[in-house]
Amino acid sequence: MTGAPTSSPTGPRPEDTRPAPARTLDVGRLAQADRVARRREEGTGAGDGTVSQRNPYRPTMKRTWFLATKEYRAYFLREGAAVVVGLFVLNLMLGMVSIAAGLDSWTWWVDLQRNPFVLVLNVLALAAAVLHTVSWDQLTPSIIKVQRGTRFLADGWIIAQQVLLLVIFAAVMVAWLGGAWS
Amino acid sequence: MRRWAGRTNEPLFWGLFGGGGMVSVFLMPVLIVIFAFLVPFGVFGGAEGTYETMHGVLTNWFVALVLFVVLALVLWHAAHRFFHSLHDLKIHPPEIVRVVIYGVALLAPAIGYSLFLVEAATS
Amino acid sequence: MAHSEAGGVMTVEVQRYRPDVDDTPRLVSYEVPWTQDTSVLDALNYIKDELDSSITFRWSCRMAICGSCGFMLNGEPKLGCEQFLRTYAPGPLRIEPLANHAVERDLVVDLEPFMTKLAAVEPYLHPDPTGTPEPGNLQTPEQMTRYGQFAACINCMLCYAACPQVGLATDFLGPAAITAAVRYNKDSRDFGNAQRLPLLDQEDGLWPCTFVGACSTACPKGVDPAAAIQQAKFAATMDWATEFVMPHHGAPGAKDGGHA
Ligand code: SF4
Ligand code: FES
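Residues numbered from 1 in each chain as written. Chains lettered and ligands numbered in written order. Predicted model: local features only at pLDDT ≥ 70, side-chain atom pairs only at ≥ 80, totals over all residues. Heavy atoms only, no water.

Named according to an unreviewed UniProt entry, chain B is Fumarate reductase subunit D originating from Miniimonas arenae.

An unreviewed UniProt entry lists chain A under the name Fumarate reductase subunit C, with Miniimonas arenae as the source organism.

In structure tokens form, the structure reads like this:
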């Protein structure tokens, strides 16, 4: 119902007798290839050897990125707080050695805590420790998941359990030092 | 221990970090309030009083060991965060800096405990 | 309800970048009329239809489910179709391509690194090697709950734009890819934990994460990728400890071990 087939999948292609089309140089494309080659030489762009328009811009992070948003600032404060708490741990170890060495050195250590410089460090340490406790309490529920059927235990329970530990530890320490067992 | 490209000991480092952070949550605020403020400002009596109460318990070698290990964990926590903060600041120090940072967290408690044992034995 | 109180004309600044001409991107301002229900994506389409047809951006579903239209809106990663101009009134609103990604043109970023990372964690069911599952490969609602939240990801990459560690370490596997791994690790029908562990427990796998938490803030689907990553760290640590104690035990990532 149609005319003679001009080609068939199996047979040889009939010879194309039409005149070859006049080809014009694709100047734009060659120019682009040159650009890509140049960029590759300069190491400034993508270019995988094929003719490509790609030249992705790669933004870099500023060193001060952590100041950019409130969330980043809170994160960085949290990380820095750990170091301040670490300083107090060193102080506390000194206290341990002092109490082992006898009453005189223990008195020296206790007095040292009233030194203005140490006092400032201690105030900072307390703020840092509280920040750590609060931020850690907020983050723990996403790690510790207690599944009950098709739900998870509410975050509050996980937090409450940590707060409870703190309260118990504080009560025991205060009772002990207050002379409850002596 | 199996090895594969890029496997590090980070699970160990992170595990200790997590342990330190965990105990720090309920330990540190209490310890700081008590030993940085209440004890020095006489809430529990003078240094003699607290010495009387604590000396006997704390100089037990095992109690002291536990305390130093717990404090070491908190220190490790600080070291871990400090090291990662360097990366956050785009500082990529040579390996020796990392050894020093975590080394403090290991050596300080070790030295502290040794001194403690020496002092406890001689006082 | 046809009448809306709010509306007007807002200045919308769009970051433009023509890879064949520009060295660096630049902001171009457009004046866009808006009403109560003009989304940011509507604004971009207005610019394309009425002001500058050369502007380039991705979108498809315009209903916050295809994950194509992620942009930085005034510096925060958001889905353009889910945000409305009224939120940013009186303006100006700044629209930039997703942070931490190579910019191909205008608001279009290179998806290739993310796709590679996502594919790397083999995010599909690995059948039980010891036998065929019962017909239908059944699962109880409780078993589905274990991973359900993590399965809601639409691969919008907002979490990658929010995460500073992605920007600092470009090879970091990143929030959504790790979450996809966790999602399958927690699936009772999946037995691929052991294959995924070497990808997660390596320098560029889980460990660049410092729990900034910005990914979970940015996620438009409540996936909480930060939680998935911390749970994966915990599981990897358990596997490490198991191997340390029993070097020849060698079944890390077993379904009943360490992947609570
Ligand atoms: S985890 Fe959330 S933010 Fe990240 S790709 Fe998935 S849906 Fe988008
Ligand atoms: S267009 Fe599909 S998520 Fe916005």
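Let's pick the thread back up.
K.L.:
Just give me the short version of the domain arrangement of chain A, but keep the residues and values in it.
P.N.:
Split by domain assignment, chain A resolves into domain 1 (64-134) and domain 2 (146-182). One C-alpha centre belongs to domain 1 of chain A, the other to domain 2 of chain A, and the line joining them spans 23 Å. (Domains from an automatic or database assignment.)

K.L.:
Lay out the UniProt feature "transmembrane region" (unreviewed entry) in chain A with the relevant residues and their values.
P.N.:
Residue and element names in this part refer to chain A. When the UniProt feature table is mapped to this numbering, "transmembrane region" (unreviewed entry) covers residues 80-103, 115-136 and 157-177. A distance of 35 Å separates the end C-alpha atoms of residues 80-103, which is 96% helix and 0% strand. This span, residues 115-136, is 95% helix and 0% strand, and a straight line between its end C-alpha atoms measures 31 Å. (UniProt positions renumbered as here; feature names shortened; annotations may be inferred. Helix = DSSP H or I, 4+ residues; strand = E, 2+ residues; numbered from the N terminus.)

K.L.:
Mind laying out the interface of chain B and chain A, listing which residues take part and the relevant values?
P.N.:
The interface of chain B with chain A comprises 56 residues on the first partner and 51 residues on the second. Around 5200 Å² of area is buried between chain B and chain A when both sides are counted, 81% of it from carbon and sulfur atoms. Inspection of the region where chain B meets chain A yields one salt bridge. For Glu79 of chain A, the salt bridge identified is with Arg81 of chain B, shortest N-O distance 3.2 Å. Summed over the shared surface of chain B and chain A, the number is eleven residue pairs in polar contact (both at pLDDT 80 or more). (Contact = heavy atoms within 4.5 Å. Buried area = accessible area lost by both parts, 1.4 Å probe. Salt bridge = Lys/Arg side-chain N within 4 Å of Asp/Glu carboxyl O. Polar contact = N/O pair within 3.5 Å; in protein donor to acceptor, adjacent residues only side chain to side chain.)

K.L.:
Give a detailed account of the site of ligand 1, specifying residues and quantitative values.
P.N.:
Every residue close to ligand 1 is listed here: Cys153, Ile154, Asn155, Cys156, Met157, Leu158, Cys159, Ala176, Cys219, Pro220, Val223 and Pro225 of chain C. When grouped by side-chain class, the residues that make up the shell around ligand 1 number eleven nonpolar, one polar and no charged. (Near = heavy atom within 4 Å. Nonpolar A, V, L, I, M, F, W, Y, C, P; charged D, E, K, R; others polar.)

K.L.:
Help me get a handle on the interface of chain C and chain B, residues and values and all.
P.N.:
Taken together, the contact pairs 19 residues of chain C with 17 residues of chain B. Both sides together, the interface formed by chain C and chain B hides about 1800 Å², and carbon and sulfur atoms give 63% of it. Between chain C and chain B we count two salt bridges in total. Glu243 of chain C serves as the salt-bridge partner of Arg7 of chain B, at 3.5 Å between the closest nitrogen and oxygen. Where chain C packs against chain B, one counts five residue pairs in polar contact (both at pLDDT 80 or more). Within the residue set of the side of chain C that touches chain B, elements represented by two or more residues are helix H5 (164-168), helix H7 (193-200) and helix H9 (225-245) of chain C. Take the side of chain C that touches chain B: its biggest share by element is eight residues, from H9 of chain C. Taken together, the residues that form the side of chain C that touches chain B break down as ten nonpolar, five polar and four charged.

K.L.:
Just give me the short version of the packing of aromatic side chains, but keep the residues and values in it.
P.N.:
A complete count under the given rule lists 21 aromatic pairs over all chains for this structure. Both rings, one in Trp76 of chain B and one in Tyr102 of chain B, keep their centres 4.8 Å apart while their planes meet at 50°; by these two values the pair is tilted. Here Tyr102 of chain B lies in helix H4 (residues 95-122) and Trp76 of chain B lies in helix H3 (residues 61-88), a separation of 26 residues in the sequence. In this structure Trp76 of chain B comes out as buried when scored by relative accessible area, which is 7%. Using a relative accessible area of 4% as the deciding quantity, one classes Tyr102 of chain B as buried. Taken together, Trp65, Phe66, Tyr72, Tyr75 and Phe76 of chain A form an aromatic cluster joined through their ring pairs. One Lys or Arg, Lys145 of chain A, reaches over the ring of Phe152 of chain A and ends 5.7 Å from the middle of that ring. Stacked on the ring of Phe84 of chain C, the Lys or Arg Arg86 of chain C has its end atom at 4.4 Å from the ring centre. (Phe/Tyr/Trp six-rings, centres within 6.5 Å; stacked < 30°, edge-to-face > 60°. Buried < 20%, exposed > 50% of the residue type's maximum accessible area, 1.4 Å probe, protein only. Lys NZ or Arg CZ within 6 Å of the ring centre and 35° of its normal.)

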